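Residue-level structural notes
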Amino acid sequence: MNRSLRPLLATTAIFLLAYLLAVLQFPGMVSTRVLGNFLTDNAFLGIAAVGMTFVILSGGIDLSVGAVIGFTTVLIAVLVMWLGLHPLAAFAVALIVAAGFGAAMGAAIHYLRVPSFIVTLAGMFLARGAASVLSPDSIGIKHDFYTAVSRSYILLPGGGRLTVIGLVMLAVFLFGIVLAHRTRFGSAVYALGGSETSAALMGVPVARTTILIYTLSSTLAGLAGVVFSLYTSAGYSLSALGVELDAIAAVVIGGTLLTGGYGFVAGTFIGVMLQGLVQTYIVFDGTLSSWWTKIVIGALLFMFILLQRLIFTAAPRRKAAPGQRKTLWTA
Amino acid sequence: MQPLEPGRAVLEAQGIVKTFGQHKALDAVDFDLRAGEVHALLGENGAGKSTLIKILTGAYQPDGGVLRLEGAPVTFRGPLQAQDRGIGTVYQEVNLLPNRSVAENLFLGRQPTRFGLIRRKEIEAQAAQVLAAYGLDIDVRAELSDYSVAVQQIVAIARAVELSGKVLVLDEPTASLDRNEVERLFDVVRGLKARGLGIIFITHFLDQVFELADRVTILRNGRKIATQDLAGLSTTDVVRMMLGKDVAFDHHPSGLGESVRGAPRVTFTGLGRKGGVAPFSLSMHEGEVVGVAGLLGSGRTEMARLMFGIDTADGGTVVVDGAPATIRNPAQAVAAGFGFCPEDRKIDGIFGDLSVRENIIIALQAKLGWFKALNRDEQIELAGRYAEALDIRAADHDMPVKLLSGGNQQKVILGRWLAIDPTFLILDEPTRGIDVGAHAEIVRTINRLREEGMALFVISSELDEVVAYSNRVVVMRDREMVAELTGENVAPDAIVQAIAGTLPAATPIAKETQP
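Thoughts on helix α12 (residues 243-253) of chain A
Of all eleven residues that make up α12(A), nine are buried, and the element is covered over most of its length. The complete set of buried residues in α12(A) reads A:Val243, A:Glu244, A:Ala247, A:Ile248, A:Ala249, A:Ala250, A:Val251, A:Val252 and A:Ile253.

Following this line, the structure appears as structure tokens:
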């Protein structure tokens, strides 16, 4: 079996097991209502995590995600409430700004040869700072469009609501899966994560791919900002603090190797759902502090990093004895 | 790919000049490659071999001279352009993606798509078909890293040939292959030759040159010395042209070692590790070199790692200069006066960004501890002394070690251990990947250290080399020490037979000595 599938299977198994245990304790959790809320409450995290998956697959990291979400919510609020733009126009502006921001970070990472950690750390401060300059205070958004969106949903059997933003997240995941596994861009991302030198020698357009990866991540962070703005009907410069770390956790728990090259977008979905499950459990329990979410996620993250370590170091070594090699010669 | 007419020049270089600063790396070098031949390119490090290859494959642009591809002058802006025009390269370190499938490695960058989506089934079918022509029947959907280096090399060759199809440059393709795998690779190369490709073959193994190549071009100090048919040339001729002088390893009289060796310095008894090496007992005496022979994967390196405490032994005892010692990690080994030059010096040996001086003093500093820092004058003095003693050629001792040639890097590591004044030195493949001249020098250094009374344990794949410096040779097979050869048995033939398990005269290791 493909080695990189194992962490994904492990995550899926753990998710199912955890869900089963939660359901045994709170039978109410097995309902489409809970499922609908799952998707809605984690939509912004899921969307940002898809972008993060591509970044991590390529061997990089994007710390600016939460700040970009925060900045986007403020920008949309300012455009809609102060300048009177239609929300859809404001969304378009916000996505373009986010895309340009990501492209600039990607270009800095590639052409200046600065590690992505440092460039996106600077990007994080820049976006967070810019959001505070636009407006240090929270701006409530009141617009017919927002009301309309929050009232539109697909009613699931059992009374659950599949909201617009939940659907957006599902669409982004589908888009991410196809992009990662069925396009040349996706191949190039994995190639960069495997070995940048080899990728360049094999004709992968390294500069273009790097810039596109960070453009994609920031654009999706922008989209997560749009979704967050719809979710909270407000723009606040300090919103979505630390979401980049939740996204990284979702990606890693979803089976993507933190050093790049191995992983699946679908795994990230399960990573996000697992985080959502823990939160929902805590809500159902009612006595636990919400900080338990962080503790459980921390423990899971640690466990998965250990698991990856075991799986990928147990890989056949190049200098294994001839008998251990998987060499099948004809002739 | 249309078959090319054999014998016609496919790639020619005339009067190629390349200078780096003051240094003329190539001085009016001519080179021609015919379709359907294997052309070996030989030269010491610094002879201009890799510069010439980089110019032929588009990685460098020449300062003067003309390149002609099938008679028409060409200039390449980069390796990708050279590849598009027909020149493919396979490097020593496989330059493919270990994390992707074999099929994707073959087709990356040119995957057929429909509506922007990759047609994976088609790629897999084509990949299987392509590899079948190379005698490989493997699951092309599996990750490349699931396969041995030999298979990876062949995939790299297949990719290069698919993409280019006229010229194939093989840069040290056999460096990490065992004998059997080399044979397979050569079969593939011969097949490509029959298809009419021009193949440039670069290697340090002269016997492989004679085995595979039709013609040879020899470079020395940036100049072309000769291009000749190999038929009618002897190894000595080739070496003489490469070096401009005769070098033969000084064989010391066999059987001498036993009589003149001094007191035992290091004795291992029943040292072993489950899954590593079966327990072995061995003692190294003052002024003695114990050579280790065996195939790749026979447990040679594992033996050295146990001795140096990199892997912890399951059992057994160590006695150093008559006193029992505990060696469970490298720090204890260094404290006991052991030194270890590992097989892969780039990964395990040198600190590439540190200077020659820092690389030499680092083991001594580690042995002294944090609070007895060597001051700068002492460092300079030490580095100077060992650089001179070992003839390390570096412009100055503050330059990063990664800029030195392989042979000089090896000498820096040797100097590092000599600086701690070791009782016992372990060398794992000390001459791998370095040129013939430096090779002979390392062998001379080993002999000199032995004469000075050191005990050495030297692993090497090259039998001629092992017999040139060893008093005794232990032979490893299937992770077990199977024979200890002394006296007149320290000879290539006897070692080969011991490896193959057909040596009647060999002293088998008495099983009783192992607990």
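That was the structure; now back to the text.
Description of the sheet that holds strand β12 (residues 223-229) of chain B
In sheet architecture, strand pairing relies on hydrogen bonds along the backbone and comes in two forms, parallel and antiparallel. Residues and elements named next belong to chain B. An order of β6-β9-β10-β3-β11-β12 is seen for the six strands of this open sheet, with the pairing classed as mixed. The open sheet has two edge strands, β6 (87-90) and β12, and neither has a second partner. Strand-to-strand twist across the sheet, computed as the mean angle between neighbouring axes with direction ignored, equals 20 degrees. As judged from the five bridges shared by strand β3 (residues 37-42) and strand β10 (residues 198-202), these two strands associate in the parallel manner. The residue of β10 that forms the bridge with His-39 is Ile-200. Against the sheet, helix α5 (residues 149-163) touches β6 and β9 (167-171), its axis set at about 170 degrees to β6. In the packing of helix α6 (residues 179-194) onto the sheet, contacts are made with β3, β9 and β10, and the angle to β10 comes to roughly 150 degrees.

Quick notes on empty space enclosed by the protein
All names here are of chain B. By the definition in use, this model includes three cavities of 30 Å³ or more. Here the largest cavity defines a volume of roughly 240 Å³. For the lining of the largest cavity, the secondary-structure elements that each account for two or more residues are α2 (79-85), β6 and α5. Among the residues making up the lining of the largest cavity, the classes are represented as 13 nonpolar, five polar and two charged.

Brief notes about the environment of B:Lys166
Residues and elements named next belong to chain B. With respect to the helices and strands, the residue Lys-166 is situated in the loop between α5 and β9. Linking Lys-166 and Lys-372, residues 206 residues apart in sequence, is a C-alpha distance of 61 Å. At 3.2 Å, the side chain of Lys-166 and the side chain of Glu-70 are in polar contact.

Things to note about the sheet that holds strand β13 (residues 264-273) of chain B
All names here are of chain B. Spatial ordering of the open sheet is given by β14-β13-β16-β17, a layout of four strands whose pairing is antiparallel. Whereas interior strands pair on both sides, the edge strands pair on one side only; in this sheet they are β14 (277-285) and β17 (323-325). Averaged over all neighbouring strand pairs, the angle between strand axes comes to 20 degrees, with direction disregarded. Lying on the sheet, helix α10 (residues 300-307) is in contact with β13 and β14; it crosses β14 at an angle near 65 degrees.

Some points on the pattern of salt bridges
All names here are of chain B. In this structure the tally under the stated criterion is 24 salt bridges over all chains. Across the pair Arg-357 and Asp-398 runs a salt bridge, and its minimum N-O distance is 2.9 Å. You can see Arg-357 sitting in helix α13 (residues 356-368) and its partner Asp-398 sitting in the loop between α14 (376-389) and α15 (406-418), a full 41 residues away along the chain. A network of salt bridges, in which partner residues are shared, links Arg-8, Glu-70 and Lys-166.

Regarding the nonpolar core
Judged by nonpolar contacts, the single largest core of 153 residues is most densely connected at A:Ile69, B:Ile157 and B:Leu168. If near-sequence neighbours (up to four positions away) are discounted, B:Ile157 is found in contact with B:Val90, B:Tyr134, B:Leu168, B:Leu170, B:Leu185, B:Val188 and B:Leu192. Ranked by size, the runner-up nonpolar core spans 83 residues in total, among them B:Leu271, B:Val318, B:Ile327 and B:Ile420.

Comments concerning the packing of aromatic side chains
Residue and element names in this part refer to chain B. This model, assessed by the stated rule, comprises 16 aromatic pairs over all chains. Seen in terms of ring centroids, Phe-268 and Phe-338 are 6.3 Å apart; in terms of plane orientation they differ by 75 degrees. Their pairing is edge-to-face. Of this pair, Phe-268 sits in strand β13 while Phe-338 sits in strand β18 (residues 338-341); the two residues are 70 residues apart in sequence, bridging distant segments of the chain. The exposure classification of Phe-268 matches that of Phe-338, with both residues buried.

Parameters at a glance
- Residues numbered from 1 in each chain as written.
- Chains lettered and ligands numbered in written order.
- Predicted model: local features only at pLDDT ≥ 70, side-chain atom pairs only at ≥ 80, totals over all residues.
- Heavy atoms only, no water.
- Buried < 20%, exposed > 50% of the residue type's maximum accessible area, 1.4 Å probe, protein only.
- Helix = DSSP H or I, 4+ residues; strand = E, 2+ residues; numbered from the N terminus.
- Pairing = 2+ DSSP bridges.
- Axes fitted to C-alpha atoms, helices over the stretch in contact; angles between N-to-C directions.
- Contact = heavy atoms within 4.5 Å.
- 1 Å grid on protein atoms, 1.4 Å probe; cavity = no way out; pocket = protein on both sides within 12 Å on 5 of 7 lines; lining within 4 Å.
- Points joined across faces, edges and corners; volume = space filled by probe spheres on them.
- Nonpolar A, V, L, I, M, F, W, Y, C, P; charged D, E, K, R; others polar.
- Polar contact = N/O pair within 3.5 Å; in protein donor to acceptor, adjacent residues only side chain to side chain.
- Salt bridge = Lys/Arg side-chain N within 4 Å of Asp/Glu carboxyl O.
- Core = buried A, V, L, I, M, F, W, Y, C linked by side-chain atoms within 4.5 Å.
- Phe/Tyr/Trp six-rings, centres within 6.5 Å; stacked < 30°, edge-to-face > 60°.

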